[in-house]
Amino acid sequence: MYYLYNQKKIKFIDEISKFINYNSINHPIAFTRVDFNIPIGETNSPLSVARIKQNKETILLLLKLGYIVVLISHFGQPTSINPDYSLKKILKYIENEYQINVNILPYELDKAAKTILINTQNIKKQKSLQFYDFNNSLYLLENIRFYSGEIENNLNFAKKISELSQNEDSIYVNDAFSVSHRHHASICSLPIFFPNKSYGGLALKQELLLLDKYVGHLRNMESKKIQYINKTSILDNKIKDNNNTFNDKFNISVVIIGGKKITTKLPLIKNLSQKLDYIILGGAIANTFSIALGKKIGSSFYEPEMIDFAMEIYLKSKAKIILPQDYIVVENTVVESTTINTTDIIKKDYIHKFSEDNISGEIGDIGEITIKNVISIIKKANILIWCGPLGRYEIPELSNGTDSVANIVAQETSHRALTSIAGGGDTIAALGKYAEKFTYCSTAGGAFMMWIEDELPGLIALQNND
Ligand SMILES: Nc1ncnc2c1ncn2[C@@H]1O[C@H](COP(=O)(O)OP(=O)(O)OP(=O)(O)O)[C@@H](O)[C@H]1O
Ligand SMILES: O=C(O)[C@H](O)COP(=O)(O)O
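Everything numeric in this text was worked out from a predicted model, so none of it was measured.

Focus on the overall build of the protein chain
Move 1: The helix and strand inventory of the protein chain stands at 18 helices and 17 strands.
Move 2: The buried share of the protein chain, reckoned over its 466 residues, is 57%.
Move 3: The contacts in the protein chain between residues at least 6 apart in sequence include a share of 77% that link residues at least 24 apart.
Move 4: Of the accessible surface of the protein chain, which amounts to about 19,700 Å², a share of 49% is contributed by carbon and sulfur atoms.

In structure tokens:
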């Protein structure tokens, strides 16, 4: 089956089995881009392994087809080699999900090539004895962001990776929708070395088909007529169903944007705000808007270089943007950080409620008034998109905002025709038990938003002319 992306075809790996001659296969490599960038919690254990689980089908199919699978993933955003971001830290969770031994390849690519070569010979012997052992067939490159060529999208670096295999039947597979918005070597340049042999994996296929089904219309939409919205009544938590407030009952689209990847997500809000009725902001993204509006947010996280841009978006879409009105604030944060994500340990005594704008300390969650307002909007919505937690959900005392809103979205999805689509590694973890009640949860946050708004470079790289 082909998928048409901007009029060009993307092939998926389930096509391969129709053409392959199993007897002639000489163990080529399937270079498979996955996204094992899973959220890690306080005790250094994963908060969600959804991103690992989703590639299982792809990997098993490739192994059964006789490929040696070399998995390529990033983990966090390291700028150089850093043991805290080694994929070795999550190896046991990968092996646990797949029930197959995964070999981490040496960082030096020439040594990695030798390791694969030696193991290939072993597999040949085993195959001739009619004993096929997946345990020698699955490899994992170290965190691809340990190599400077990755984020530089360096063609030579991609070529070196492709040269781990000398077999002309080797293929490239992108099974990482959630990182397909990055112009990185393993996403955009590596497929160049596999002309007509670059495929989408089964997880990527599922993401595209389901997102098309549920929110495909948003991609094609130019902009939605701005409805007359009496914002004061919303802030007062009194939404009326008459012509002066909402034109169509339940014809309201809402996006909730939280989290802390402000540079990635902010540019995508600009156009999205033209298509949807409400932009509910939480998390550190909201902080950047608050600063732009001259509010005091204490020592809260924000991105100074995005302030002007936040202001531009605010001025353009003021009537639609809902910012928090009250917060849970942490004073004198006691940080015993894990280096991955911000899972700090905070003393309960330091957590306070703030209902005003002049905050001291660090915003950790939205407060009760904001939660009520957000819920009142959700109750009127017929489509809801959610990317990014509303607070530092990893810390139980700061998870109430995300939890309460997730609970209502889950209820509204079950009880009436609310289409709820959430996306993001942390978002899925933050939604917890409510995630399964959502219409669909994508593993992608930034990539999902870019999929709605723009072209994804990772999908362009998979397009075929044949
Ligand atoms: N007010 C806040 N201040 C600081 N960090 C916050 C705040 N609110 C949420 N966060 C943090 O944001 C992180 C998640 O943000 P992120 O933008 O990565 O979301 P995501 O859903 O995983 O998207 P993606 O899949 O694109 O990474 C969490 O670690 C959470 O603790
Ligand atoms: O968490 C994500 O959204 C993906 O793993 C991409 O990670 P990145 O934002 O560090 O590129």
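Remarks on the UniProt feature "transmembrane region" (unreviewed entry) in the protein chain
Move 1: Taken from the UniProt record, the annotation "transmembrane region" (unreviewed entry) applies to residues 58-76.
Move 2: Here residues 58-76 runs as 37% helix and 26% strand, with 23 Å between its end C-alpha atoms.

Description of the pairing of strand E15 (residues 383-387)
Move 1: Counted residue by residue, E15 has five buried out of five residues, so it is predominantly covered.
Move 2: Neither face of E15 is left uncovered, since the one carrying Ile383, Ile385 and Cys387 and the one carrying Leu384 and Trp386 both have all their residues buried.
Move 3: Note that strand E9 (residues 253-257) and E15 share five bridges and pair parallel. Among the inter-strand pairings, Ser253 is bridged to a residue of E15, identified as Ile383.
Move 4: Bridge analysis of E15 against strand E16 (residues 419-423) gives five bridges, and the strand direction is parallel. When the bridges of E16 are listed, Leu384 appears paired with Ser420.

Thoughts on the site of ligand 2
Move 1: Ligand 2 sits among Asp35, Asn37, Arg51, His74, Gln77, Arg145, Ser178, Arg182 and Lys261.
Move 2: Between ligand 2 and Asp35 there is a distance of 2.7 Å, counted from an oxygen atom to a side-chain nitrogen or oxygen.
Move 3: In the model, an oxygen atom of ligand 2 is placed 3.0 Å from a nitrogen or oxygen of the Lys261 side chain.

Focus: the nonpolar core
Move 1: Residues Phe31, Leu141, Ile161, Leu281, Phe289, Phe448 and Trp451 are the most contacted members of the largest nonpolar core, which totals 68 residues.
Move 2: Mapped onto the domain boundaries, this core takes at least three residues apiece from domain 1 (2-206) and domain 2 (221-453).
Move 3: For Leu141, the contacting residues outside a window of four places in its chain are Val70, Leu71, Ile72, Leu87, Leu105, Leu109, Tyr147, Ile161 and Leu164.
Move 4: Listed in part, the 30 residues of the second largest apolar core include Phe36, Ile40, Phe75 and Tyr98.

A closer look at the site of ligand 1
Move 1: In the vicinity of ligand 1 lie 21 residues, with Lys261, Lys265, Glu394, Asp426 and Thr427 positioned nearest.
Move 2: Between an oxygen atom of ligand 1 and a main-chain N or O atom of Gly425, the distance comes to 3.1 Å.
Move 3: Between ligand 1 and Gly445 there is a distance of 3.4 Å, counted from an oxygen atom to a backbone nitrogen or oxygen.
Move 4: About the coverage of ligand 1: the protein hides 96% of its 650 Å² of free accessible area.
Move 5: For the shell around ligand 1, the secondary-structure elements that each account for two or more residues are helix H12 (283-292) and helix H16 (425-431).
Move 6: Looking at the shell around ligand 1 element by element, the count peaks at three residues for H16.
Move 7: Looking at side-chain class alone, the shell around ligand 1 contains three nonpolar, eleven polar and seven charged residues.

Looking at empty space enclosed by the protein
Move 1: Scanning the entire structure with this criterion turns up one cavity of 30 Å³ or more.
Move 2: Taken as a whole, the largest cavity encloses approximately 40 Å³ of empty space.
Move 3: Lining the largest cavity are Ile38, Pro39, Ser48, Ala50, Arg51, Gly424, Gly425, Ile428 and Thr443.
Move 4: For the lining of the largest cavity, the secondary-structure elements that each account for two or more residues are helix H2 (50-53) and H16.

Some details on the side chain of Lys11
Move 1: Tracing the backbone through its elements, the reader meets Lys11 in strand E2 (residues 8-11).
Move 2: Within the structure, Lys11 has its side chain in polar contact with the backbone oxygen of Asn196 (distance 2.7 Å).

About the thresholds
Residues numbered from 1 in each chain as written. Chains lettered and ligands numbered in written order. Predicted model: local features only at pLDDT ≥ 70, side-chain atom pairs only at ≥ 80, totals over all residues. Heavy atoms only, no water. Helix = DSSP H or I, 4+ residues; strand = E, 2+ residues; numbered from the N terminus. Buried < 20%, exposed > 50% of the residue type's maximum accessible area, 1.4 Å probe, protein only. Contact = heavy atoms within 4.5 Å. Areas by Shrake-Rupley, 256 points an atom, 1.4 Å probe, with all protein chains shown as cover. UniProt positions renumbered as here; feature names shortened; annotations may be inferred. Pairing = 2+ DSSP bridges. Near = heavy atom within 4 Å. Polar contact = N/O pair within 3.5 Å; in protein donor to acceptor, adjacent residues only side chain to side chain. Core = buried A, V, L, I, M, F, W, Y, C linked by side-chain atoms within 4.5 Å. Domains from an automatic or database assignment. Nonpolar A, V, L, I, M, F, W, Y, C, P; charged D, E, K, R; others polar. 1 Å grid on protein atoms, 1.4 Å probe; cavity = no way out; pocket = protein on both sides within 12 Å on 5 of 7 lines; lining within 4 Å. Points joined across faces, edges and corners; volume = space filled by probe spheres on them.

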